[in-house]
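Structure at a glance
Here is how the chains run, residue by residue.
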Amino acid sequence: MSSENSMKNETNHLRKMTTIWVILSLAADLLFWFWVGPHVPPGTMTSTAKSNQFDFTFLVLFALPVLIGVWVYLGYAIVTWSAKRDNVPEPIGGEVARSNRKAQVSWITITSIVVLFLAGFGTVAVINDHGSGGGEGPNPIWNPGGASKAEAAALTSNASWSPNSNQVLPVQVIAQQWKFTYRYPTFGGFESSELILPVGTTVAFNVTSLDVIHSFWAYQLSVKADANPQVNDVAYTDTKQLGNFTVRCSELCGLWHGSMFNYGKVVSQSDFMNWAKTTESANAANTANLPPFAWTYVPDANGAAGGYYPDGTVTPYSTVEVYGSKQPAS
Amino acid sequence: MTISAERPTEVAASSVSPPAQSGGTSWTQRPGWLSQHAGTAIILAILGYLLGHWMGNAISGNYDYIANSGQNAIADTFGLSFGVLGWLLGIGALNYPLAKLVGKEAAHEETVEGWSKYFRYSLDHKVVGLQYVVGVLLFMFTGGLLAMAIRTELLSPTTHVFSPDTYIKIVSEHGTIMMMMATSIIVGPLGNYLVPLMIGARRMAFPRIEAFSFWIFVAGYGVIFSALPYGGFPTGWTGYAPLQTQAGPGMVSYLLGFAVIGMGMMAAGFNIAVTIINYRAPGMTWSRVPIFVWSILATAALLTLATPVLFAGGLFGLLDKTAQTAFYVTEHGGSSYLWQNLFWFFGHPEVYIMALPGFGIVGEIMPVFTRKPLFAYKVAAAGMIGVALLSFFVWQHHLFQSGINPDMRPLFMLTTELISIPTGFIYLVGMGTLYKAKIRFEVPMLFCMALFFNFLIGGVTGVFLSDVPVNVTVHGGFFVLSHFHYTIMGGLLFAFMAGLYFWLPKMTGKMMNKKLGLVHFWTMFVFFNLTFFPMFVIGLLGQPRRVFTYAKNLQGLNDFSSMMAFCLGLSFLIFFANLMWSMFISPVKAPANPWESLGLEWQTASPIPAHNFERIPVILTDPYHYSEVGAPALADFGDGGLVSSNSTTGSSPA
Ligand code: HEM
Ligand SMILES: [Cu+2]
Ligand SMILES: [Cu+2]
């Protein structure tokens, strides 16, 4: 075989594979984008759900060509270069088979570009979406406008929220073995086992735990923040659509971890206001027995999580700041 | 070509027996009742446990820390620690250090012959390798049974086979056992067996440390298994505090189990790294080292550097449980974040401990079945080193939603995605090696090809997980579960199978049955994918991990996955059947070099003599000169003939 011939042969193999790859990748990407894309979890109920759905779909557009590229290559190799076929030429060893500068350099360059691009893309998304609905710790730096003001106000007695005011709504999520409860600092700090949210509102979830580590996962809202004892883990989202959503614990927390779920609702702002006002007065007697609203709570000396929990700002144990439990600057 | 002139004279002297030592015969090797073996180890382990337990109770009085358990954590810790000590004493691991300690000359250890050597503290790396084969298969079988139990429970969201308490024990025990197994599954059996053969050494650098690493691995199995009679532990393999602090006595087994296994990991890693660096035969330069050895070197580095963090983390946890320290107790000034940081600082290098050896195996096996040299050898070696280094800088991608260092998420997203560049090199290498090859689809080759298929899905979903916005949806759910089963089971375990089918003929002199091997391969490949692929969807649809009830609409997918998992279980039974059949029931003698490999390990005599090489070979080139006309000989064995790879079929020397 002359070298010219083998060059031709080479480009032939590569051309065939590339053609198959381009066709299949295009088809797969288009199919995914139009057919599956709109159904990709977690839906479009909130700003973060929407952008995280887009992010997932966007990554799939890269992933499918990668998968298909390798599969096409493997398939092609299995079919054309199997020793079982007659007329498969003897392979050629030596230097030519050991390395190929062009192939190596382009492989490394292409993978590096893709990877760096995706990391940049993810970074922009996290920053623009105020943490993408993920837990941002006690002092979030990527917070939506008005959030720090609302959060600071939440600790004072004159915290308030009203419809059509564009205010950020702080909500506290308290996890304990094995349930979630919610406190609304802008409504006197009442505690509810239902999570009701107004639509068209930026919500600041302040997630904490009374015992072990849990994770607050509001699936359709695309919010997930670990609940650590004595840590206030903050996550943001904007509610966009009315509807029900599921809350599940997504960090193993013991025996009934799997049963640690409940449901929530996004309702209109006026319905929310009605519900909040009604619940605030209905629960007034209960609220009086709760510790004053604080970002974190220390279980009482008997470790009776789930029962009484004293105020985290005047704890019986820690007068000093504890690793990881800094309060938001006010 | 005459090279004998260059041969260093010391090695040419054909001294096969080790330097004689004074001090009589070791207890480990005495015949009959007066010797030390697995039996005496078990007896002393039980005695040690009883003694330790009594002592623990004695020193801690009626003080009872663990709520509601009636167990004393101090007694449990002492019991298990002394049990492990008794085990080591019984097997003879301490004879040498103790003798040296009191200033005596240590006893001379000779290898006993016959079956009983597999139950003793053997210093022969070939014996240790085979001991490890049985050891990891025992781990795998136990962990596999637990997996079947998990899938049985998940058949229905409402009808339960187990109580939630039993279920969480099973899940935790499954995860921990499998992770411990996966850490050693290739380094232990194949690393120990093959590394000296591949680098032309007569033994490991520290044969006693090597034997120690195996026997403490077995002790670790005992310790982690003791969690079950103690009532199990509820934390999964990740052992997060404060759940850890809150848990019952089974948690002691987990913490101590990881510490004990950790000692074995450190010992094995250290011994193997030193061996590879210092015991290479003359002429075995770094650019001639087989790629499998490179992968084991990178893994050994990770084992030595990452495991101490786990070890320390486990001891802190034990202290919290016994001595009332507060490393992980937030109310008392500790932090639950500390455990998460320590665990994952070890945990991420750990996942590459579970990936790199697999890459090494496919790199080593593919040239044999493609009859081509390994493509881009240098890139492959550099990739492994790169992965090993980078793996220390990504650990917080497990903690994106935890609130730890939230502002560092972009950095950890970047480092995590960067690591897929060197990881991807293995694809460049594999695909380049396949190019215009003449592929023989023997069973080991099929397992290699399957690794490329499976690991691709695992790696690509890893990039999804490392994207913080996508991580919000998939973290803590079945998507993660599926991701790491695709990398560990689809990658490492498939590579292990490839390695076993490939090297068992050399290790045992018997061929694995090809027909059963094919059935095993196809069932494992198909059912593995059918079991785990649906779990990506289950995770995306909102099912968290380690749950015992789930949303009703996910029952269909869960049931399908369970059914396929049972079939996957059957596939493992086919493997065991093949192993029994081919090794014991109807063995077929293996040819000296059944796959026509050029590797140095295949050029040794069969069966391999106790000291591997009659003379230390002088390495003349790398072992990948397949299909190369006029290729240089691989090595000079000093026996007059040169091993020639000088043919297109790459046949081995007569
Ligand atoms: C392309 C390379 C890889 C990337 C980018 C990657 C990325 C990730 C990320 C971001 C997570 C965290 C998911 C979460 O909990 O939210 C994760 C989890 C995990 N990965 Fe990977 N991974 C890669 C390769 C591997 C390999 C090679 C292995 C093992 C052989 C592996 C084993 C695991 C395990 C065991 C977990 C989960 C541990 C647990 O939570 O129990 N990954 N991976
Ligand atoms: Cu929980
Ligand atoms: Cu990781």
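Because the structure is a prediction, the values reported are computed rather than measured. (Residues numbered from 1 in each chain as written. Chains lettered and ligands numbered in written order. Predicted model: local features only at pLDDT ≥ 70, side-chain atom pairs only at ≥ 80, totals over all residues. Heavy atoms only, no water.)

**Points about the overall build of chain A**
Looking only at helices and strands, one finds seven helices and ten strands in chain A. Evaluated residue by residue, chain A yields a buried proportion of 53% over its 330 residues. A sequence separation of at least 24 residues applies to 67% of the contacts in chain A between residues at least 6 apart. (Helix = DSSP H or I, 4+ residues; strand = E, 2+ residues; numbered from the N terminus. Buried < 20%, exposed > 50% of the residue type's maximum accessible area, 1.4 Å probe, protein only. Contact = heavy atoms within 4.5 Å.)

**What to know about the interface of chain A and chain B**
The interface is formed by 95 residues belonging to chain A together with 95 residues belonging to chain B. Of the roughly 7700 Å² buried between chain A and chain B on both sides combined, carbon and sulfur atoms contribute 68%. For the chain A face of the interface with chain B, the top three residues by lost area are A:Arg98, A:Trp107 and A:Leu252, together amounting to 9%. Between the two partners, chain A and chain B, sit three salt bridges. B:Lys438 serves as the salt-bridge partner of A:Glu90, at 2.8 Å between the closest nitrogen and oxygen. Seen at the junction of chain A and chain B, the total is 24 residue pairs in polar contact (both at pLDDT 80 or more). Partitioning the side of chain A that touches chain B into residue classes produces 53 nonpolar, 31 polar and eleven charged. (Buried area = accessible area lost by both parts, 1.4 Å probe. Salt bridge = Lys/Arg side-chain N within 4 Å of Asp/Glu carboxyl O. Polar contact = N/O pair within 3.5 Å; in protein donor to acceptor, adjacent residues only side chain to side chain. Nonpolar A, V, L, I, M, F, W, Y, C, P; charged D, E, K, R; others polar.)

**Points about the sheet that holds strand β10 (residues 261–267) of chain A**
Within a sheet, neighbouring strands are paired by backbone hydrogen bonds and run either parallel or antiparallel to one another. All names here are of chain A. On the basis of which strands lie adjacent, the open sheet formed by five strands has the order β4-β10-β9-β6-β7 and mixed pairing. The open sheet has two free edges, formed respectively by β4 (195–198) and β7 (223–227), since each of these has just one partner strand. Geometrically, the sheet is characterised by an average inter-axis angle of 20° between neighbouring strands, direction not taken into account. Relative to strand β9 (residues 243–249), strand β6 (residues 214–218) is paired through three bridges, and the arrangement is antiparallel. Residue pairing across strands places Trp-217 opposite Arg-248, the latter belonging to β9. (Pairing = 2+ DSSP bridges. Axes fitted to C-alpha atoms, helices over the stretch in contact; angles between N-to-C directions.)

**Describing the sheet that holds strand β1 (residues 169–176) of chain A**
Residue and element names in this part refer to chain A. With mixed pairing, the five strands of this open sheet are ordered in space as β3-β2-β1-β5-β8. Strands at the two margins of the open sheet, each flanked by one partner only, are β3 (190–192) and β8 (233–238). For this sheet, the mean inter-axis angle between neighbouring strands, taken without regard to orientation, is 30°. Sheet topology places strand β2 (residues 179–184) next to β3; three bridges connect them, and they run antiparallel. Bridging from a neighbouring strand, Tyr-182 pairs with Ser-192 of β3. Across the sheet, helix α5 (residues 147–154) is in contact with β1, β5 (202–209) and β8; its angle to β1 comes to roughly 60°. Packed onto the sheet, helix α6 (residues 269–282) meets β1, β2 and β3 and runs at close to 110° relative to β3.

**Considerations on the domain arrangement of chain A**
Residues and elements named next belong to chain A. Here the domain parsing of chain A yields domain 1 (2–81 + 93–128) and domain 2 (149–288). Computed from C-alpha atoms alone, the centre-to-centre distance between domain 1 and domain 2 is 41 Å. Facing the nine residues of domain 1 at the interface are 15 residues of domain 2. Contact with domain 2 buries area across many residues of domain 1, yet Pro-42, Met-45 and Thr-46 alone supply 59% of it, more than any other trio. For the pair domain 1 and domain 2, the number of links is zero salt bridges. At the boundary of domain 1 and domain 2, one finds ten residue pairs in polar contact (both at pLDDT 80 or more). When grouped by side-chain class, the residues that make up the side of domain 1 that touches domain 2 number four nonpolar, five polar and no charged. (Domains from an automatic or database assignment.)

**A word on the coordination of the copper ion (ligand 3)**
Tetrahedral coordination by four donors sets the ideal angle at the metal to 109.5 degrees; octahedral coordination by six donors sets it to 90 or 180 degrees. Residues and elements named next belong to chain B. His-348 (ND1), His-397 (NE2) and His-398 (NE2) make up the full set of protein donors to the copper ion (ligand 3), lying at 1.8 to 2.0 Å. Counting residues between consecutive donors of the copper ion (ligand 3) along the chain gives the motif H-x48-H-H. A separation of 4.7 Å is found between the copper ion (ligand 3) and the iron atom of ligand 1. (Donors = N, O, S within 2.8 Å, 3.2 Å for Na, K, Ca; no water.)

**Some points on the coordination of the iron atom of ligand 1**
Coordination of the iron atom of ligand 1 by the protein involves just one donor, B:His483 (NE2), at a distance of 2.1 Å. For B:His483, the location among the structural elements is in helix α18 (residues 478–508).

**Quick look at the domain arrangement of chain B**
Residue and element names in this part refer to chain B. Splitting chain B by domain gives domain 1 (34–121), domain 2 (122–585) and domain 3 (591–654). When each unit is reduced to the centre of its C-alpha atoms, the spacing between domain 1 and domain 2 is 28 Å. Contact between domain 1 and domain 2 buries roughly 2400 Å² in total, counting both sides, with carbon and sulfur atoms accounting for 71%. Here domain 1 is connected to domain 2 by nine residue pairs in polar contact (both at pLDDT 80 or more). Broken down by secondary-structure element, the contributors of at least two residues to the side of domain 1 that touches domain 2 are α2 (38–60) and α3 (73–91). Among the elements that make up the side of domain 1 that touches domain 2, the one with the highest residue count is α3 (ten residues).

**Brief notes about the pattern of salt bridges**
Scanning the model with the defined rule gives seven salt bridges over all chains in all. Taking the shortest distance from any N to any O, the salt bridge between B:Asp622 and A:Arg98 comes out at 2.9 Å. Residue B:Asp622 is found in the loop between β1 (618–619) and β2 (635–636), and its partner A:Arg98 is found in helix α3 (residues 95–98); the two belong to separate chains. Neither residue differs from the other here; B:Asp622 and A:Arg98 are each classed as buried.

**Considerations on the pairing of β7(A)**
All names here are of chain A. Of all the five residues making up β7, five are buried; the element is thus mostly covered by neighbouring parts of the structure. A two-sided burial pattern is seen for β7, the buried positions comprising Val-223, Ala-225 and Ala-227 on one face and Lys-224 and Asp-226 on the other. Of the pairings in the sheet, the one linking β6 to β7 comprises five bridges and is antiparallel in character. Within the sheet, the bridge partner assigned to Trp-217 lies in β7 and is Lys-224.

**Here we look at the pairing of β8(A)**
Residue and element names in this part refer to chain A. Among the six residues in β8, five count as buried, and that is most of the element. Bridging between β5 and β8 involves six bridges; their strand directions are antiparallel. Opposite Val-207, over in β8, you have Asp-233 as the bridge partner.

**Some points on the nonpolar core**
Counting 240 residues, the largest nonpolar core has B:Ile186 and B:Trp503 as its most contacted members. Other than its neighbours up to four places away in sequence, B:Ile186 contacts B:Gly191, B:Phe292, B:Ile296, B:Pro357, B:Gly358, B:Ile361, B:Leu492, B:Ala495 and B:Phe496. If you look at the next biggest cluster of nonpolar residues, it comprises 40 residues, including A:Leu169, A:Ala175, A:Val199 and A:Val207. (Core = buried A, V, L, I, M, F, W, Y, C linked by side-chain atoms within 4.5 Å.)

**Structural notes on helix α10 (residues 250–278) of chain B**
Taking 1.5 Å as the rise per residue, α10(B) with 29 residues should run 42 Å; its terminal C-alpha atoms sit 42 Å apart, in good agreement. Burial analysis of α10(B) places 23 of its 29 residues in the buried class, the great majority of the element. (Expected span 1.5 Å × (residues − 1).)

**Topic: the confidence of the model for chain A**
Taken residue by residue, chain A gives an average pLDDT of 86. The fraction at 70 or more is 87%. Scored below 50 in pLDDT, residues 301–330 of chain A shows 58 contacts in the model against residues more than four places distant or in partner chains. (pLDDT = per-residue confidence, 0-100.)

**So, the site of ligand 1**
Residue and element names in this part refer to chain B. Around ligand 1, the structure places 25 residues, and the nearest of them are Trp-237, Asn-471, His-475, His-483 and Arg-545. Asn-471 is positioned with one of its side-chain polar atoms (N or O) 2.8 Å from an oxygen atom of ligand 1. Contact between ligand 1 and His-475: an oxygen atom at 2.7 Å from a side-chain N or O atom of the residue. The leading source of residues in the shell around ligand 1 is helix α16 (residues 443–466), at six residues. Of the residues assigned to the shell around ligand 1, the class counts are 13 nonpolar, eleven polar and one charged. (Near = heavy atom within 4 Å.)

**Looking at the packing of helix α14 (residues 377–390) of chain B against helix α15 (residues 409–434) of chain B**
All names here are of chain B. Axis separation between α14 and α15 bottoms out at 9 Å; the angle between their running directions is 155°. Classified by the angle their axes make, α14 and α15 are roughly antiparallel. Viewed along their axes, α14 and α15 form a crossing whose handedness is left-handed. Seen from α14, the contacting residues are Val-379, Ala-380, Gly-383, Gly-386, Val-387 and Leu-390; seen from α15, they are Leu-418, Ile-419, Pro-422, Thr-423, Phe-425, Leu-428 and Val-429. Taken together, the residues that form the contact of α14 with α15 break down as ten nonpolar, three polar and no charged. (Parallel < 35°, antiparallel > 145°, perpendicular 65-115°, else oblique. Left-handed = near helix turned anticlockwise from the far one by under 90°.)

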